[in-house]
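Below are the chains, spelled out letter by letter.
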Amino acid sequence: MGAFAEGTPCWVDVSLPDLEAGKRFYGELFGWTFGPPGSAEHGRYTEALSGGRRVAGLIAKRDGRMPTAWGVHFATPDVVRTGRRIREAGGRLITDPVAVGTAGIMALAADPAGAVFGLWQARDFEGFEKKGLPGSFRWTEVYTRDKDRVDPFYESVFGFRAADLPGPSGSAGSGVPPVPPGPPGTSVDFRTWSPAGTEPGPDTAIGGRSVITDAFPAEMPAHFLSYFAVADCDGTVAAAVRLGGRVTAPPFGIERGRTAVLVDNQGASFAVLTDTEPIPRPHA
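Residues numbered from 1 in each chain as written. Predicted model: local features only at pLDDT ≥ 70, side-chain atom pairs only at ≥ 80, totals over all residues. Heavy atoms only, no water.

Considering the nonpolar core
Selection criterion: Within this scheme, the nonpolar core is defined by two criteria: the residues are buried Ala, Val, Leu, Ile, Met, Phe, Trp, Tyr or Cys, and they are joined through side-chain atoms within 4.5 Å. Classification of residues uses two cut-offs on accessible area relative to the type maximum, computed with a 1.4 Å probe and protein chains only: under 20% is buried, over 50% is exposed, and between them is partly exposed. Two residues form a contact once any of their heavy atoms are found within 4.5 Å.
Of all hydrophobic cores here, the largest spans 57 residues; its most connected members are Phe30, Trp32, Trp70, Phe117, Tyr154, Phe270 and Val272. When residues no more than four places from it in sequence are discounted, the contact partners of Phe117 are Val72, Phe74, Ile86, Ala107, Leu108, Ala109, Ala110, Asp111, Phe153, Tyr154, Phe158 and Phe224. Grouped together as the second largest cluster of nonpolar side chains are 15 residues, Trp139, Val188, Ile212 and Tyr227 included.

Written as structure tokens, this is what we have:
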């Protein structure tokens, strides 16, 4: 068995028009350093490091029509079999499985509502070497307008165990970080996912599903939002603005911390989260 259980987020990367500008932005924001770039053929793919450990990837877009966006990849022991389950559950494969040298096998897929995510079958490259700590990946959630199709899709494809978390906006009683879809006091339709074989709940959750409400722009597509852990949410937000980014959800409190949603200086959305009490170590 690999380092990451099936269905667990094992890697995130961002596609950018200007790779060097992205390295400057995230290097200053998160304190990342960077490994040597790959070949031009592969978008000069570059690993980001936090304290010398792998935390994310940056890639230069080869086609301006491609989105400027962060993407999340879920671990699978068999990408072909998972791809078959995706089709059977009403999703589609955007790219068929392809070997990435000796690192592993990847594919891109979309759920029934159009949210895009990656699959990763590890060989030499497992994924994150650091997560859940400042400067690294903390959480991901899909935003959708069609939960009735999306919920059974992910639970069928990855075997996720679900727990619904009704409550007032921003309360995040589970300790996981749903972004408020409207003014404080409005309800959040939020579901957490835990890996197959675990008891669903905040101690095992690896991601979640939120609903795109009328409070969001009508043109917003279904998408995944990934969170990075930071030591100081408000300070990180101020730094992002100074570096040319912008704020789409200002810092707000949740039960176990403080979070905000940002857009980098090239248009890729991401979130940051400061945990103010101990959290369970992320499930691998």
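Comments concerning the confidence of the model for the chain
The condition that has to hold: The quantity known as pLDDT measures the predictor's confidence residue by residue, on a range of 0 to 100.
In the predicted model, the chain carries a mean pLDDT of 89, and the fraction of residues at 70 or more is 89%. Between residues 168-186, whose pLDDT stays under 50, and residues either more than four places distant or in other chains, the model counts 59 contacts.

Observations regarding the side chain of Asp264
For clarity, the threshold we go by: Only runs of H or I of at least four residues qualify as helices and only runs of E of at least two qualify as strands under DSSP, and these elements are numbered from the N terminus. Counted as positive: Lys and Arg. Counted as negative: Asp and Glu. His and the chain ends are not counted at all. By definition, a salt bridge exists where a carboxyl oxygen of Asp or Glu is found within 4 Å of a side-chain nitrogen of Lys or Arg. Distance and chemistry together define a polar contact, namely a pair of N or O atoms within 3.5 Å, with one atom able to donate a hydrogen and the other to accept it when in protein, and with adjacent residues in sequence counting only for side-chain atoms on both sides.
In this fold, Asp264 is placed in the loop between β15 (257-263) and β16 (269-275). An unpaired buried charge is present at Asp264: no salt bridge exists, and Arg246, the closest side chain of opposite charge, is 8.2 Å distant. Side-chain polar atoms of Asp264 contact the side chain of Tyr26, separated by 2.7 Å. Ignoring any residue separated from it by four or fewer positions in sequence, one finds Asp264 in contact with Leu16, Phe25, Tyr26, Gly245 and Phe270.

Overview of the packing of helix α2 (residues 79-88) against helix α3 (residues 147-157)
Definition in use: Axes here mean lines fitted to C-alpha atoms, for a helix over just the part in contact, with angles spanning 0 to 180 degrees between N-to-C directions. Each angle gets one of four labels, with under 35 degrees taken as roughly parallel, over 145 as roughly antiparallel, 65 to 115 as roughly perpendicular, and the rest as oblique. Each crossing is labelled by how the near helix is turned from the far one, with a counterclockwise turn of less than a right angle marking it left-handed and a clockwise turn marking it right-handed. Under this grouping Gly is polar, as are all residues other than the nonpolar Ala, Val, Leu, Ile, Met, Phe, Trp, Tyr, Cys and Pro and the charged Asp, Glu, Lys and Arg.
One way to put it is that α2 packs onto α3 with a least axis distance of 9 Å and a crossing angle of 155°. One element, α2, and the other, α3, form an angle in the roughly antiparallel class. The handedness of the crossing between α2 and α3 comes out as right-handed. Residue-level contacts link Thr82, Arg85 and Ile86 of α2 to Phe153, Ser156 and Val157 of α3. For the contact of α2 with α3, a count of residues per class yields 3 nonpolar, 2 polar and 1 charged.

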